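Results of the structural survey
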There are 2 protein chains.
Amino acid sequence: MARPLILVSNDDGITAPGIRHLVEIVLALGAEVVVVAPDSPQSGMGHAITIGHALRLNKNPVFGPDVEAYECSGTPADCVKIAKHYILKDRTPDLVVSGINHGSNASVNVLYSGTMSAAIEAAIEGLPAIGFSLCEYGPQADFSHAAEWVSQVCRHALENGVPAGTALNVNIPKKSDTPIAGLRLARQARAKWQEEFDRRLDPYQRPYYWLMGSFLNLDPGTDTDEWALANNYVSIVPCQFDLTAAHGLAQLSANWTLPLPVPTEDAAPTQPVASGDYGPATQN
Amino acid sequence: MARPLILVSNDDGITAPGIRHLVEIVLALGAEVVVVAPDSPQSGMGHAITIGHALRLNKNPVFGPDVEAYECSGTPADCVKIAKHYILKDRTPDLVVSGINHGSNASVNVLYSGTMSAAIEAAIEGLPAIGFSLCEYGPQADFSHAAEWVSQVCRHALENGVPAGTALNVNIPKKSDTPIAGLRLARQARAKWQEEFDRRLDPYQRPYYWLMGSFLNLDPGTDTDEWALANNYVSIVPCQFDLTAAHGLAQLSANWTLPLPVPTEDAAPTQPVASGDYGPATQN
């Protein structure tokens, strides 16, 4: 393509160092860059969207005159929606990138990730999309080793596409003395957070609770994103937004004794599909 | 089981009619019921969690003396985390139910759904979990036809279990003159929201934007949740939280020319897995 159009978002907010690095990387690819990112940090927002109140949207010249950039008061998923349907309209991005997140989104963290929700929202729209995350958080995170890998993944996505119905979850090991071993396709590791709640009392003696936790990798597989990262690879997991569990359908069909007809393609012809409009509780 | 322990949550908040109906249904099953639900509506929160500020948690006697009920200032996923790790601790629920949501969570709506994020969070914890939604929103929604179906699904889940690694997404048609046709296993329909943004000016002449949209079912399949609902069936989709797309791994492996080794199980032995603690941006 002559000059690709790349849409950039994130969840750490438009002023986070990670998105600055990502914008510089895609500019260096020769792309036309449009940024629509949250005006404040949205970590942990998952795939939240804003339906109870209105959004603000303002141009922000933070990336200089060559980059059309907007800050939005909504979530990462909101940013992609307003970018696609209001700002870009008929301009179709060749690639949507989100990040670079300050902190890992490997394994089960993908579910809580605002970074990945921006990418998945783009994938729902049928756009090739990638979320990038660095396994180091905080404003002082060192991104210096990430650029060449992020650039390489973006170039391959522009040239070879991203599998339909997926967004790529790319995680990059924290900078260390050992060079990155390479890129590695992986599956999402089975893991969870072992939560703890730190109970404290406010000055009025009312309790409040801080969510804390330790990450537990329950998955010994060497084909997982956690294994790749622990072995200094950049991990790439293609993530789908169709959550249907085929094994679940089979098990329910076998084990439940309800009149539960197994879905078949030779059922009655399709009736007109349901459609609706947003309402206070339509998307929730 | 003698007397099952059932944890109840939702996303419309602890005072919503839908959760009152759900509590009554599971009490009628003879269950011991613990409720931990948001203290305010959390529609559209997806799988958001609260890591930037502390949570409040208070007992709320709204369901009477026989139900141990708490309201929490967090998201639906937060409610399940604090229920599992702080309130219940060593008491393991036999079932976790979420809802009954005011509004459909079929198809792609599952991704934006706070109702389903509560159920999926429970599934990550290894608990059998179900999210229930009624395809009618608003406080006046008619739940009268839903009880027998919700009860039937809960009884089967208690007796036969829920497939491991999944949470069930159960949607119930809006009340109509036609009786419910039955329960139907289904896959998530391929669909999207065609967004529109309604731009307005505030009294200070600054623009703001309301997210609006129309639901577009792009999926002609008769094995989908949308087809089931349009044909007056209660739809049941087992939803997984492992987002890995097998077709995506295969396509990337075939089409990308990077040094991208396909994951294999005969790779080097597993090194100690990465672990970490919550930080400002660890889960995002």
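Each remark here, short or long, concerns the structure printed above.
A brief report on the enclosed structure follows. Keep in mind it's a predicted model, so treat the numbers as computed, not measured. (Residues numbered from 1 in each chain as written. Chains lettered and ligands numbered in written order. Predicted model: local features only at pLDDT ≥ 70, side-chain atom pairs only at ≥ 80, totals over all residues. Heavy atoms only, no water.)

**A word on the overall build of chain A**
Counted only if it meets this: Under the DSSP-based scheme used, a helix requires at least four consecutive residues in state H or I and a strand at least two consecutive residues in state E, with every element numbered from the N terminus. The quantity called the radius of gyration is restricted to C-alpha atoms. Its globule counterpart is 2.2 Å times the number of residues to the power 0.38. Classification of residues uses two cut-offs on accessible area relative to the type maximum, computed with a 1.4 Å probe and protein chains only: under 20% is buried, over 50% is exposed, and between them is partly exposed. The contact criterion used is simple: two residues touch if any of their non-hydrogen atoms lie within 4.5 Å. Each accessible area is a Shrake-Rupley result for a 1.4 Å probe, and residues are judged covered by the shown protein chains and nothing else. Only four residue types enter the charge count: Lys and Arg as positive, Asp and Glu as negative, with His and the chain ends excluded. Where a charge sits is defined by one atom per residue type, namely NZ (Lys), CZ (Arg), CG (Asp) or CD (Glu).
On a plain count of helices and strands, chain A comes out with seven helices and 11 strands. For chain A, whose C-alpha radius of gyration is 21 Å, the value lies close to the compact-globule estimate of 19 Å for 284 residues. Its C-alpha atoms put chain A at 60 × 50 × 50 Å along the principal axes. Counting all 284 residues of chain A, 63% fall into the buried class. The contacts of chain A with a sequence gap of at least 6 include a subset with a gap of at least 24, amounting to 77%. Accessible area for chain A stands at about 10,500 Å²; split by element, carbon and sulfur atoms hold 51% of it. A distance of 4 Å separates the average location of the 18 positive side-chain charges in chain A from that of its 30 negative side-chain charges.

**A few points about the sheet that holds strand 2 (residues 32-38) of chain A**
All names here are of chain A. The test is simple: Two strands qualify as a pair provided DSSP detects at least 2 bridges between them. The axes used here are C-alpha line fits, helices contributing only the stretch in contact, and every angle between their N-to-C directions lies in the interval 0 to 180 degrees.
If you walk across this open sheet you meet the nine strands as 3-4-2-1-5-6-7-11-8, and the pairing is mixed. Looking at the sheet topology across the chains shown, the edges are occupied by strand 3 (57-59) and strand 8 (182-185). Across the sheet, the mean angle from the axis of one strand to that of its neighbour is 20°, orientation sign disregarded. Those strands touched by helix 4 (residues 114-124) are strand 1 (5-9), strand 5 (95-102), strand 6 (129-134), strand 7 (166-172) and strand 11 (233-240), and its axis lies near 170° from that of strand 6.

**Comments concerning the side chain of Glu136(B)**
Residues and elements named next belong to chain B. Note the following rule: Only one rule defines a salt bridge in this text: a Lys or Arg side-chain nitrogen within 4 Å of an Asp or Glu carboxyl oxygen.
Residue placement: Glu-136 occurs in the loop between strand 6 (129-134) and helix 4 (147-160). Lys-174 provides the closest opposite charge to the buried, salt-bridge-free Glu-136, at an N-O distance of 4.5 Å. Beyond its immediate sequence surroundings of up to four residues, Glu-136 is in contact with His-102, Gly-103, Ala-141, Asp-142 and Lys-174.

**Notes on the relation of the copies chain B and chain A**
Counted only if it meets this: When the copies are overlaid, the least-squares fit takes in C-alpha atoms only where the residue has pLDDT of at least 70 in both copies.
Rotating chain B by 180° about the axis while translating it 0.0 Å along that axis superimposes it on chain A, leaving an RMSD of 0.0 Å. The transformation just described matches what one would write down for a two-fold rotation axis. Taken as a fraction of all interface residues of chain B, those also at the interface in chain A reach 100%, which identifies the copy contact as same-surface.

**Description of the packing of helix 2 (residues 76-88) of chain A against helix 4 of chain A**
Relative placement of two packed helices is described by the angle separating their axes and the distance separating the axes. All names here are of chain A. Note the threshold: Working rule for angles: under 35 degrees goes down as roughly parallel, over 145 as roughly antiparallel, 65 to 115 as roughly perpendicular, anything else as oblique. For any pair of crossing helices, the crossing counts as left-handed if the nearer helix is rotated counterclockwise from the farther one by less than a right angle, and right-handed if it is rotated clockwise. Each residue receives one of three labels: charged for Asp, Glu, Lys and Arg, nonpolar for Ala, Val, Leu, Ile, Met, Phe, Trp, Tyr, Cys and Pro, and polar for the others, Gly being one of them.
Packing of helix 2 against helix 4 leaves a shortest axis separation of 7 Å and a crossing angle of 30°. With respect to helix 4, the axis of helix 2 lies roughly parallel. Considering how the two elements wind past one another, helix 2 and helix 4 form a crossing that is right-handed. Counting all contacts with helix 2, which are made through Pro-76, Ala-77, Val-80 and Lys-81, the residues of helix 4 involved are Gly-114, Ser-117, Ala-118, Glu-121 and Ala-122. When the residues that make up the contact of helix 2 with helix 4 are grouped by side-chain class, the tally is five nonpolar, two polar and two charged.

**Observations regarding the packing of aromatic side chains**
Given two aromatic rings, their pairing is described by the distance between the two centres and the angle made by the two planes. Residues and elements named next belong to chain A. For clarity, the cut-off: Centres within 6.5 Å make a pair out of two Phe, Tyr or Trp rings, where for Trp the six-membered ring is used; the pair is then stacked when the planes are under 30 degrees apart, edge-to-face when over 60, and tilted otherwise. Placement of a charge over a ring requires the Lys NZ or Arg CZ to be within 6 Å of the ring centre, with the centre-to-atom vector within 35 degrees of the ring normal.
With the rule as written, the count across this model stands at six aromatic pairs over all chains. Pairing Trp-193 with Phe-215 gives two aromatic rings, centres 5.5 Å apart and planes at 65°, and the pair type is edge-to-face. Note that Trp-193 is positioned in strand 9 (residues 191-201) and Phe-215 in strand 10 (residues 207-217), a separation of 22 residues in sequence. The same class applies to Trp-193 and to Phe-215, which are both buried. Taking NZ or CZ as reference, Arg-184 lies 5.4 Å from the ring centre of Tyr-233, over its face.

**So, the packing of helix 1 (residues 17-28) of chain A against helix 5 (residues 147-160) of chain A**
Residues and elements named next belong to chain A. Following both chains from N to C, one finds helix 1 and helix 5 inclined at 55°, their axes separated by 10 Å at the closest point. The angle between the axes of helix 1 and helix 5 places the two elements in the oblique class. Read as a crossing pair, helix 1 and helix 5 show a hand that is right-handed. Here Leu-22, Ile-25 and Val-26 of helix 1 lie close against helix 5, whose contacting residues are Ala-147, Val-150, Ser-151 and Cys-154. Class assignment for the residues of the contact of helix 1 with helix 5 results in six nonpolar, one polar and no charged.

**Some details on the pairing of strand 1 (residues 5-9) of chain B**
Residues and elements named next belong to chain B. Under the convention used in this document: The handedness of a crossover follows from its direction of travel: if, with the strands pointing away from the viewer, the path from the first strand over the helix to the second runs clockwise, the crossover is right-handed.
By the criterion of burial, strand 1 is predominantly enclosed, with five of the five residues buried. Here strand 1 shows no split at all, with Leu-5, Leu-7 and Ser-9 on one side and Ile-6 and Val-8 on the other all buried. Direction of pairing for strand 1 relative to strand 2 (residues 32-38): parallel, over a ladder of four bridges. Note on strand 2: the bridge partner recorded for Leu-7 is Val-34. Where the polypeptide runs from strand 1 across helix 1 (residues 17-28) and back to strand 2, its parallel neighbour, the crossover connection is right-handed. Where strand 1 lies against strand 5 (residues 95-102), four bridges are found, and the strand directions are parallel.

**As for the interface of chain B and chain A**
To be explicit about the condition: Note: buried area is the sum, over both parts, of the accessible area (probe 1.4 Å) each one loses when the two are combined. Definition of a polar contact: a pair of N or O atoms within 3.5 Å, with one able to donate and the other able to accept a hydrogen when the atoms are protein atoms, and with sequence-neighbouring residues admitted only if both atoms are side-chain atoms.
Tallying the contact residues gives 128 residues for chain B and 128 residues for chain A. Note on chain B versus chain A: buried area summed over both sides is about 11,100 Å², and carbon and sulfur give 60% of it. On the surface where chain B and chain A come into contact, there are six salt bridges. Glu195(A) serves as the salt-bridge partner of Lys81(B), at 2.3 Å between the closest nitrogen and oxygen. Where chain B packs against chain A, one counts 32 residue pairs in polar contact (both at pLDDT 80 or more). If you tally residues by element for the side of chain B that touches chain A, the top one is strand 10 (residues 207-217) of chain B, at 10 residues. Of the residues assigned to the side of chain B that touches chain A, the class counts are 61 nonpolar, 47 polar and 20 charged.

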